[in-house]
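# Per-entry structural report
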Amino acid sequence: MRYKMNFDILEDDDWTGQVRDVKDPFDPQASGHDILMLDLDDDELAAMNSENDAMFEDLVGENASQADPMQDDFDQIDPVAGLENIAIGFFEQLSTAFPDAEYHSHRKRERNPISISLVDRTKTAKEDGASTMKTVSFPQNTKRGSSRSTAQVLRIIDLMHEALHEEVPITKRDMYYRDVSLFKTQSIVNKYVDDLAATIGVGRGDLNVRASSKGLFSGAGLTIHLHSGETLYGNDSESTLIPVADDIEKFEMRDGLSWVLIVEKEAVFQTLARLSFSKHPCLPGHGIIITGKGYPDIATRQLVCTLADNLPVIIPMIALVDGDAFGIDIMSVYKFGSSSMSHERETLTAPRLQWAGVFGSELAQFGVERDSMLALTKHDEKKARTLLSRPELPATWRRELQHMIFTRRKAEIEVLANAKPLVNDLGFIRPSSSNNQIVTPPVSLPSPENALTRYLVHKLSVAIAGRAAPTLV
Amino acid sequence: MSLAFLHAHDCSEPHTDSVWGVAWTATDSVISISADGSLKQWDSTSGQALHTLPPHTLGLVSLDVDPAGKQALYNSLEGLTCLLDVDSGRVVGRYESYARSGNDAAEPAWSVSLNPKGGTYAATGGSGSVSIHSAESATFGERRATLTSGRSKFGMYCKHSPDGTRVAMSSEAGQIYIFDLESEKLLSTYTSHAMTIRSLAWSPDAQLLISASEDKRLTLHDVRYSPSGKPGSGAVATFTGHSSWVLSTDISPDSRLALSGSSDKTIKVWDIGARAAVSTIQDTGEVWSVSWRPRPPQHGSPGAFVSGGEDGVVRWWRGAGAG
């Protein structure tokens, strides 16, 4: 009768599942492990050994093939499968590490960290073609929390998987904004995206992660003719890169254009494009959507300025920016100009641009709870205070910035997605005096699909109806 | 047991933006500060405006009055701290806490509190410490001491104990720090909340402290301080019932009742001894600030209080007799 120690977590030198002879089989402390003593005969022992060996192969072998981009030259690497394998590999390790609820490990050293292996892009490949790997381990002994790095990698895998599955491209910046408090910095996202791409053996683009580029517009109502003879046709469901003003010969507007919307974030723009928001049935006419992807470049500002100068006054031009100091600053760049380009102010500013949101002070009306708003960082606060010290700050801006500093929360556009989906007949939230919201089902008009479109339809309707709403400045 | 409170009357001319602070003074006037930058003084019986200071460019975020109702200390969003002589309506002290002075980094003041014994005031700011300044006209604002908590979380609120021996500060991270003013030492730290504590209130005998937090709860603390150094037992009760952030709190002059204003648009009155809510009053907007009438109520009456909220209106409420 041989006794085998069944290691619930295999130590470094036990990957092969070797049997260790125990000096005193009845003294668990002798080898320093928690031991589950099994009564096995040789056949069962051999079976268990091979089982362990197979498990080892599964884990390491899998990673090994992912680590080697040269291996599958002639096979198409399926990026979705690649992502799934990494994630599944991690969860398999997790489940074998803690097979039953009673498992406790009293000694730190015997708890082998579970890890995700990624290609180390800073090291060149070894002679046999395999790449040097680095690991992201769980648990980690760091100040930031033992699971943070692993959570970050898994979240990025999740976002890329979603992007591939939904066939909606995502940018690295977009990913960062999806979970700011998890990622903390943009560079973490950048690092892991490229690490994962290298590990799976595909290009970043194959994971549906696009590179950021310049300003975009969407909407079939706008056609741009270039000096080169080329024509850029606006499209309701796709984006078109905004060309530099010097290249533009003339603009062409289709009849029935009734609004222009400028959004700060590309992610929001892409969502709207995907929903063909520029021709949304709930609005009286079609419109144009523009994004500068954050602080706008010159080309974007020129387009907005040209539209502002030439469109009839009854067509509202509104901006949707985050309800934080930077969003307001971006609004201010479109509307009043930037200090660095103040010499070209006439061709770059659009004073008629109105700020439609997101306002922290109105979010409660749209079913968003205070707690789902992000906390103000020191950076945000400093920026907000700087903006407040500007002379001639419009009153609504001042009110929102003050409100932001006083509540120490900022309202990013994404927070609308957390809104409770209560609608009344036109898709608005009707605030009621008690806390019980009154829900009435949609009547004749089709209700907008999600909180963002609901919000924008409301804001645009108000703007179009006469621009008398007190929230617009 | 439940108590009824009736809406007595509103102020005659509302502020044009949220009321961020109210204080019912010993002389039965009410002072209110607002996000619109103005400070107004009201007669409590009629709600008529007595004084209105010309509005500041930015909102006023903190207000405290002395026990006699003679002086009011207030601070603006960017850190301009002023002292008002209540009777004359004149500003008798100004301090720009945001201005650099010497080698000190500028740290704008946020919440301010007058020492009931007079002479100094306390201010919190972004660095998590409490600074003590002169409250005398001639030297107003001069820094006398800095009390550090050991952490650098934003100091949301500070208030002196009614006997003027201690000052309590609450942080954005949910801690409460109590400092002894004489020795300038940190006496105790309480971590009863994990989210921002927006307001604190002392009982008149300085034995109880109530904290109002964004976690929708209020916590009652025993903060008795004995000279031997053994502090009170800390958190002894939690008041739950609000469905959103608790923004403001006050304890009644007879120590029996606590008051809370919340962003769920209600005001709640709590029986401290019974540890239960005895009244919920529906308001029209988020209630940023509440304050009991400092004169102890007549026997059998639960007292009166004033509230200020999002709509810019200062409201008076009175108890409807014994419940």
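Residues numbered from 1 in each chain as written. Chains lettered and ligands numbered in written order. Predicted model: local features only at pLDDT ≥ 70, side-chain atom pairs only at ≥ 80, totals over all residues. Heavy atoms only, no water.

Looking at an unreviewed UniProt entry, one finds chain B named WD repeat-containing protein 61, with Somion occarium as its source organism.

You'll find chain A entered in an unreviewed UniProt entry as DNA topoisomerase (ATP-hydrolyzing), with Somion occarium given as the organism. Per its UniProt entry, chain A bears the Cofactor (unreviewed entry) comment "Mg(2+)". (UniProt positions renumbered as here; feature names shortened; annotations may be inferred.)

### Notes on the overall build of chain B
When you go through chain B residue by residue, the secondary structure sums to 0 helices and 28 strands. Taken across its 323 residues, chain B has 59% of its residues classed as buried. For chain B, long-range pairs separated by at least 24 residues make up 45% of all intrachain contacts whose partners lie at least 6 apart in sequence. (Helix = DSSP H or I, 4+ residues; strand = E, 2+ residues; numbered from the N terminus. Buried < 20%, exposed > 50% of the residue type's maximum accessible area, 1.4 Å probe, protein only. Contact = heavy atoms within 4.5 Å.)

### With respect to the interface of chain A and chain B
Taken together, the 17 residues of chain A in the interface contact 30 residues of chain B. A combined buried area of about 2,100 Å² lies between chain A and chain B, and 47% of that area is made up of carbon and sulfur atoms. Where chain A touches chain B, the interface holds 4 salt bridges. The closest approach of N and O atoms between Glu172(B) and Arg408(A), which form a salt bridge, is 2.8 Å. If you look at where chain A meets chain B, you find 10 residue pairs in polar contact (both at pLDDT 80 or more). Of all the secondary structure elements, the ones that give two or more residues to the side of chain A that touches chain B are α11 (378-388) and α12 (395-407) of chain A. Ranked by residue count, the leading element in the side of chain A that touches chain B is α12(A), at 6 residues. Its residues assigned to classes, the side of chain A that touches chain B shows 3 nonpolar, 5 polar and 9 charged. (Buried area = accessible area lost by both parts, 1.4 Å probe. Salt bridge = Lys/Arg side-chain N within 4 Å of Asp/Glu carboxyl O. Polar contact = N/O pair within 3.5 Å; in protein donor to acceptor, adjacent residues only side chain to side chain. Nonpolar A, V, L, I, M, F, W, Y, C, P; charged D, E, K, R; others polar.)

### A few points about the pairing of strand β16 (residues 176-180) of chain B
It is a general feature of regular strands that their side chains alternate between the two faces of the sheet. All names here are of chain B. With 5 of its 5 residues buried, β16 lies for the most part within the structure. Neither face of β16 is exposed, since Ile-176, Ile-178 and Asp-180 on one face and Tyr-177 and Phe-179 on the opposite face are all buried. Sheet topology places strand β15 (residues 166-171) next to β16; 5 bridges connect them, and they run antiparallel. Bridge pairing links Ala-168 to Ile-178 in β16. The antiparallel pairing of β15 with β16 creates a hairpin that spans 4 residues between the two strands, and Gly-174 there sits at a positive phi of about 105°. Where β16 meets strand β17 (residues 185-190), 5 bridges bridge the pair, whose relative direction is antiparallel. (Pairing = 2+ DSSP bridges.)

### Structural notes on the packing of helix α9 (residues 325-336) of chain A against α12(A)
Residues and elements named next belong to chain A. Where α9 meets α12, the closest approach of the two axes is 11 Å, and the angle between their N-to-C directions is 165°. As far as their axial angle goes, α12 and α9 are roughly antiparallel. With respect to the hand of their crossing, α9 and α12 are arranged in left-handed fashion. Here α9 contributes Ala-325, Ile-328, Met-331, Ser-332, Lys-335 and Phe-336 to the contact with α12, which in turn contributes Trp-397, Leu-401 and Met-404. (Axes fitted to C-alpha atoms, helices over the stretch in contact; angles between N-to-C directions. Parallel < 35°, antiparallel > 145°, perpendicular 65-115°, else oblique. Left-handed = near helix turned anticlockwise from the far one by under 90°.)

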